[in-house]
Amino acid sequence: MSRISPIVYEHAAPDVRAEHDRELQLRGRMTNMKRIMLHSPVAHRIYAEWFTLRDLLRPALPDRAIWLLSLAIAQASHADVPVTFFRRALIDSGLQPETIVPDADETVLMDFGKAIVADANAVPERLWNKLAARYDEPTLVNLVAFAGIMIATAVFTNVVEVELDPELHSYRA
């Protein structure tokens, strides 16, 4: 059981209901994490900027690369909810997470994700140089911000002990 209860829509304040409805309209889904986070519509909107940053990264990073980066961060953070979420994304796109052979760009992104979880003060210079050789500075800013929100999501789900959404159970490793 999660440490914080999910909101109950029928009993929620008008601003919470409005944010709930906005989320459903935008993304068509309401996860356990979002239901909990909606106790603070502001916190929910901040974490939902993950989607905005993902969209800004899409010209430079295909979905598979974004999913592998996110999965690497979630695994390094030992965060079951996001790990399973990104396993589902990969599996539903026809890939098996255990047998994916990342290309050179994906490998750099995954190594970056693991490095910043391990110690954001010690991202190896050689790794940063590989990123800087691949992406322009606006993309690097969006990449670091995206990874930061991904790490924050892992922290949130871990600290709050968010329960795995029922539809994710079959995607567990």
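Preceding this paragraph is the structure being described.
J.: I keep staring at the packing of helix α7 (residues 125-134) against helix α8 (residues 137-160) and nothing clicks. Help me out?
T.: Relative placement of two packed helices is described by the angle separating their axes and the distance separating the axes. The contact between α7 and α8 brings their axes to 9 Å, and the two run at 130°. The pairing of α7 with α8 is recorded here as oblique in orientation. In this structure, α7 crosses over α8, and the sense of that crossing is right-handed. Here Trp 128, Leu 131 and Ala 132 of α7 lie close against α8, whose contacting residues are Leu 140, Leu 143 and Val 144.

J.: Please explain helix α1 (residues 14-27) as it appears in this structure.
T.: Along an α-helix, a turn takes 3.6 residues, which lines up residues three or four apart on a common side. Across its 14 residues, α1 extends 20 Å between first and last C-alpha, which sits within 8% of the 20 Å expected from 1.5 Å per residue. Among all positions in α1, only Val 16, Glu 19, His 20 and Glu 23 are buried. Seen from one end, α1 has its buried residues packed into an arc of 105°, which puts them on one side. In this structure, α1 carries Pro 14 and Gln 25 as exposed residues pointing more than 90 degrees from its buried face. Buried residues along α1 sit in contact with α2 (32-37) and α3 (41-57).

J.: Help me understand the packing of aromatic side chains in this model?
T.: Each aromatic ring pair is summarised here by two numbers: the centre-to-centre distance and the angle between the ring planes. Using the criterion set out here, one finds six aromatic pairs in the structure. Ring geometry for Trp 50 and Phe 86: centres 5.9 Å apart, planes at 40°, overall tilted. In this pair, Trp 50 sits in helix α3 while Phe 86 sits in helix α5 (residues 80-92), placing the two residues 36 residues apart along the sequence. For Trp 50, a relative accessible area of 8% corresponds to the buried category. Judged by relative accessible area, Phe 86 falls into the buried class, the value being 3%. Seen from their ring centres, Phe 85 and Phe 86 are 5.1 Å apart, and the 80° between their planes marks the pair as edge-to-face. Note on Phe 85: relative accessible area 25%, which makes it partly exposed. Through successive ring pairs, a cluster of aromatic residues spans Trp 50, Phe 51, Phe 85, Phe 86 and Phe 146. One residue, Arg 17, lies across the ring of Tyr 9, its end atom 5.3 Å from the ring centre.

Rules used throughout
Each chain carries its own residue numbering, running from 1 in the direction its sequence is written. Given that the model is predicted, a residue must reach a pLDDT of at least 70 before its local features are reported, and side-chain atom pairs must reach 80 or more before they are shown or counted; all residues, however, enter totals for whole chains, interfaces and linings. Side-chain descriptors were evaluated using all non-hydrogen atoms of the structure, hydrogens and water having been removed beforehand. Simply put, an axis is a line fit to the C-alpha atoms, just over the touching stretch for a helix, and the angle between two N-to-C directions goes from 0 to 180 degrees. Each helix is a run of H or I in the DSSP string that is no shorter than four residues. Each strand is a run of E no shorter than two, and both are numbered from the N terminus. These descriptions rest on fixed angle ranges, namely under 35 degrees for roughly parallel, over 145 for roughly antiparallel, 65 to 115 for roughly perpendicular, and the rest for oblique. Less than a right angle of anticlockwise turn of the near helix away from the far helix marks a crossing as left-handed, whereas a clockwise turn marks it as right-handed. Two residues form a contact once any of their heavy atoms are found within 4.5 Å. What a helix is expected to span follows from its residue count: subtract one and scale by 1.5 Å. The cut-offs for exposure are 20% and 50% of the maximum accessible area for each residue type, with area from a 1.4 Å probe on protein chains only; residues under the lower value are buried, those over the upper are exposed, and the others partly exposed. It is the directions from the helix axis to the C-beta atoms whose arc is reported. Only Phe, Tyr and Trp rings are paired, with Trp represented by its six-membered ring, and only when their centres lie within 6.5 Å; those with planes under 30 degrees apart are stacked, over 60 edge-to-face, the remainder tilted. Charges are assigned to positions over rings by a cutoff of 6 Å between ring centre and Lys NZ or Arg CZ, combined with an angular limit of 35 degrees from the ring normal.

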